[in-house]
Amino acid sequence: MSKKVKVGIIGLGFMGTTHLDIYRNNDKAEVVAIADINPAKLAGDISSVFANIGGGDNSIPLDLQGIATYSDGMDLIADLNVDLVDICVPTFLHHKYAMATFAADKHLMLEKPIGRTSEEAKEIVETAGKSDKCFTVGMCVRAWPEYRYVYEQFTAGKYGKLVNAFFKRVSPTLAGKSWEDWFSDESRSGGALLDLHLHDIDEVLYLFGRPRAVTSTGSRDFRGQGSVDHVFTFYDFDDGKTVVAEGGWSPNENVPFEMSFQLVCEQATVIFNAAGLNEYFEDGRVVKPDLSAYPGPTGWHQELDSLLVAIQAGGIAEKYITPVEMVDGICIAEAERKSIDNNSNKVIVEYSK
Ligand SMILES: NC(=O)c1ccc[n+]([C@@H]2O[C@H](COP(=O)([O-])OP(=O)(O)OC[C@H]3O[C@@H](n4cnc5c(N)ncnc54)[C@H](O)[C@@H]3O)[C@@H](O)[C@H]2O)c1
C-alpha cells in the first residue's frame, strides 16, 4: 500500500472542517497539522462554523489529538511533516498562502475561487506551472455526482446538440456567519457573484467551453456595501445556443439552499432539482440515472480523493480542472461584474491566453 499523504489544513471554518472530516475517512490521507488564527478552533471548538450546504454537528468539539496546531499558516507550510497544504482560508488570503506553498515545494489543494482577482489567479497558475508538485483548486461541482454524470453523458453525445441551458444556485444570506463577516466584504470575498455563482460559471465553462461574451444584470448587496449578491447572466457562444445562469445570496435566513440545472438538447431534456436528476428522452422514456458508480457522496469527496490518488501516483495532474480553466472562471466573473456596472451591456470576456 502507498504511503499516506500527510495533510496540513489552513483555516478551520466550514470548508476546513469539511475537508478534515473527508481526509479522516480516506485511507490515503493523514491530517498532521492545522492552522487557524482563532485559538478556539485550535482547541477543537467549531461551534461558530456555519454551513449552507452539508456540514456536520458543529456543537461536538473536534478531537485534534496528535495533530500539530499553528496560529500562523506560514508555520504550517514550513512544517517538514506536511506533504499537502490544503488552503481553506477566506478568498483574499488564497494568493499569499498559495505562493508560500509553492515556495516550500509542497502539493497544494486551494479552495475556490483560486484568487480574489484574475491577476492573482494568473500569478498562482504561472507559479504552479514551474512546480512539479500536484495542484488543484476546489471547483467541486465538476466532481459532484449529478453534474459529473451529465458532463460525461453530454460530452459523449448521449443527449444530442444543446438547444438551451439554465443553471441556478441560491443560498440564504451568509451575513454574520463567517470569520470577521468576510463574505459581506466584497474586497475580501467578491460577493455572491464570485463566491457562489462562480460554481455555475465554471460548469458552463466545463460543459460548453469559453463563452465569448456575457450580459448580466444583478442586485446589489442589501446592506449597501456595493457587492453584487444576486446575478442573472446570458452567455454568448458563437453557435447561438442559449445559456443562462442565476446565482445569489438571499437576504432571508429561511430560504433553502438550491442548486439546480436544466439542459434542453435535441434528443433529451435533463433536469436536476429537488426531485433529483432525471433524463427525459424524445422517445418518451424518463430515466433516473444510477449514480452509485460515483463514490461520493459529494464532489468534495471526489476532488480530494482524486488529488490524493495523483499525489500517490507521483505527482500526475489530477483530473477535474486545468490551470487555464481555473483562471478563465475568474475572467468570466469579472466580465459579468463589468456588464452589471455598465447598465447590463454585453461585455466580451478577456481571457488570459
Ligand atoms: N468549494 C466549496 O463548495 C466551498 C464552500 C464554502 C466555502 N468555500 C471556500 O472556502 C474558503 C473558506 O470559506 P469558509 O466558508 O470555510 O469560511 P469561514 O469563515 O467559515 O472559515 C475561515 C477560517 O479561516 C480562519 N482564518 C482567517 N484568517 C486566517 C489566517 N490568516 N490564517 C489562518 N486561518 C485564518 C478563520 O478563523 C476561520 O476559521 C473560501 O475561499 C470559500 O470561498 C468553498
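Remember, predicted model here, so these are calculated numbers, not experimental data. (Residues numbered from 1 in each chain as written. Predicted model: local features only at pLDDT ≥ 70, side-chain atom pairs only at ≥ 80, totals over all residues.)

Engineer: Quick question: what am I supposed to make of the overall build of the protein chain here?
Structural biologist: Per the secondary structure count, the protein chain includes 11 helices and 15 strands. A compact globule built from 353 residues would reach a C-alpha radius of gyration of about 20 Å, and the protein chain, at 20 Å, matches this within 12%. Structurally, the protein chain occupies a C-alpha span of about 55 × 50 × 40 Å along its principal axes. Considering the protein chain as a whole, with its 353 residues, one finds that 44% of them fall into the buried category. (Helix = DSSP H or I, 4+ residues; strand = E, 2+ residues; numbered from the N terminus. Rg over C-alpha atoms; globule rule 2.2 N^0.38 Å. Buried ≥ 20, exposed ≤ 12 C-beta atoms within 10 Å, placed from the backbone.)

Engineer: It is not clear to me how the sheet that holds strand β12 (residues 268–273) should be interpreted in this structure. Could you clarify?
Structural biologist: The strands that make up a sheet pair up through hydrogen bonds in the backbone, lying either parallel or antiparallel. A sheet is described by the order of its strands in space; here 9 strands give the open sequence β14-β13-β12-β11-β7-β10-β9-β8-β15, paired in mixed fashion. Both edges of this open sheet fall to β14 (286–287) and β15 (347–348), since each of them pairs with a single strand only. (Pairing = 2+ DSSP bridges.)

Engineer: How should I be thinking about the site of the ligand in this particular structure?
Structural biologist: Close contacts around the ligand come from 26 residues, with G11, G13, M15, S178 and W179 the closest. A per-element tally of the shell around the ligand places helix α1 (residues 14–24) first, with 3 residues. For the shell around the ligand, the class distribution of residues is 13 nonpolar, 8 polar and 5 charged. No fewer than three residues from each of domain 1 (5–138) and domain 2 (142–298 + 329–348) sit in the shell around the ligand. (Near = placed C-beta within 6 Å. Nonpolar A, V, L, I, M, F, W, Y, C, P; charged D, E, K, R; others polar. Domains from an automatic or database assignment.)

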